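# Overview (structure and organization)
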Amino acid sequence: MRLRNITGCQETIADSKYVVNEDILEECPGTWASRFGNSNPIRIEIGMGKGRFIHDLAEQNPDVNYIGIEKYSAVLLRAVQKQEENEKSNLIFLRMDAEDICKVFGPGEIDKIYLNFSDPWPKDRHAKRRLPSRQFLSRYDKILKADGNIEFKTDNRDLFDFAVDELEPAGWEADYITYDLHADEKLMVGNVMTEYEEKFSSQGNPICKYCIHRASKQ
C-alpha cells in the first residue's frame, strides 16, 4: 500500500506531547510506569493505523495504560489528531519500527500485545517481517509478563494460517482460534473493532482471530 505524504506530518508528530520523542526511545525500557504515573497494566498495539481501536480501548478501560505503535508518520498523525480532540491520559504513541521493540521495552514490562490487520508481506522471502512470525514472537517473549498474551486479528486467511503454523515451533499455544470472529457470539462480547475490521466485515469477509500465550516448558 502506497501512503500519501502529508505535508508537515513529521514535524507535527515530533512536536506532539502525545508522542514520545524518537531520540529518547532507547532510554525508555523500564520507565513506562513512571511515564504514565501509575502502576497500571501496560498494553501495546503494534501497527495501530489511524488509532480507532486503541483509542476505544483506552476510553473503555481507564485503569489500563495503552501505547500505540505506528511506523508511518502520515498514519500516526490521524491518531494524534484524535487524541488532541479527545485527550486520554492513559494513551501515548510511538513512531518506530516494530523490529526495535526490545530496545524500547524492558523484560516483562508489557501486559498484552494487540496485532490488528498487519501487513501480510506475501512474498516468502519476507516471512520474518510478518508481525505474527516466529521471529517477532521471540521479540514479544522478551517484553511480555510471564502470563502475558497476544491477540491477533486479520481478514487475510493466508496470513492467519501462517500465524497459526508458527505457534508450535515458536513455543506458543492458543487460548482460542476462530476463523469467523463475527459469527462467534461468545468472542464477540466486548469486541472492539478497527477501521479495517468494520470495512472488511461489512463486505462479508470473515475475520480471523487468535489469542495466544507461551507454552508451558516441560
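This text follows the structure it describes.
Attention in this report is confined to the structure presented alongside it. The numbers attached to residues start from 1 for each chain and follow its sequence in the written order. Note on the predicted model: pLDDT of at least 70 is required for a residue's local features to be given, and 80 or more for side-chain atom pairs to be given and counted; whole-chain, interface and lining totals, by contrast, use all residues. Values reported for side chains reflect all heavy atoms of the structure, with hydrogen atoms and water molecules removed beforehand.

### A closer look at unusual backbone geometry
Cut-off, in case you're wondering: Helix and strand assignments come from DSSP, with helices taken as H or I runs of at least 4 residues and strands as E runs of at least 2, each series counted from the N terminus. Under the scheme applied here, a residue whose accessible area is under 20% of the maximum for its type counts as buried, over 50% as exposed, and between as partly exposed, the area being computed with a 1.4 Å probe on protein chains only.
Here the phi dihedral of phenylalanine 117 falls at roughly 50°; this positive angle occurs in a residue that is not glycine. The residue phenylalanine 117 is located in the loop between β4 (110–116) and α6 (134–143) in this model. A relative accessible area of 11% places phenylalanine 117 in the buried class.

### Details of the nonpolar core
Put simply, the rule is: Only buried residues count toward a nonpolar core. Its members are Ala, Val, Leu, Ile, Met, Phe, Trp, Tyr and Cys residues joined through side-chain atoms within 4.5 Å. Should any heavy atoms of two residues lie within 4.5 Å, those residues are counted as being in contact.
Counting 38 residues, the largest nonpolar core has Trp32, Ile46, Ile67, Leu94, Phe105, Ile113 and Tyr140 as its most contacted members. If one sorts the elements of this core by residue count, helix α7 (residues 157–170) sits on top with 5 residues. Discounting residues that sit within four places of it in the chain, tyrosine 140 has contacts with Ile46, Ile101, Ile113, Leu115, Leu131, Ile150 and Arg214. Ranked by size, the runner-up nonpolar core spans 19 residues in total, among them Cys9, Ile54, Val80 and Val192.

### Some details on the pattern of salt bridges
We apply this condition: Each reported salt bridge corresponds to a side-chain nitrogen of Lys or Arg within 4 Å of a carboxyl oxygen of Asp or Glu.
Inspection of every chain in the model, using the stated rule, returns 13 salt bridges. Measuring nitrogen to oxygen at the nearest pair gives 3.2 Å for the salt bridge that ties glutamate 195 to lysine 82. Of this pair, glutamate 195 sits in helix α9 (residues 195–202) while lysine 82 sits in helix α4 (residues 73–85), and the two are 113 residues apart along the sequence. Residue class for glutamate 195 comes out partly exposed when judged on its relative accessible area of 26%. Here lysine 103 and aspartate 100 are joined by a salt bridge, their closest N and O atoms 3.7 Å apart. Residue class for lysine 103 comes out partly exposed when judged on its relative accessible area of 46%.

### Let's talk about the environment of tyrosine 179
Within the element layout of this structure, tyrosine 179 appears in the loop between β6 (172–178) and α8 (185–188). By relative accessible area, which is 33% here, tyrosine 179 ends up partly exposed. Considering only alpha carbons, one finds tyrosine 179 and isoleucine 212, 33 residues apart in sequence, at a separation of 15 Å. In this structure tyrosine 179 touches Arg157, Phe160, Asp161, Val164, Pro206, Ile207 and Cys208, once residues within four positions along its chain are discounted.

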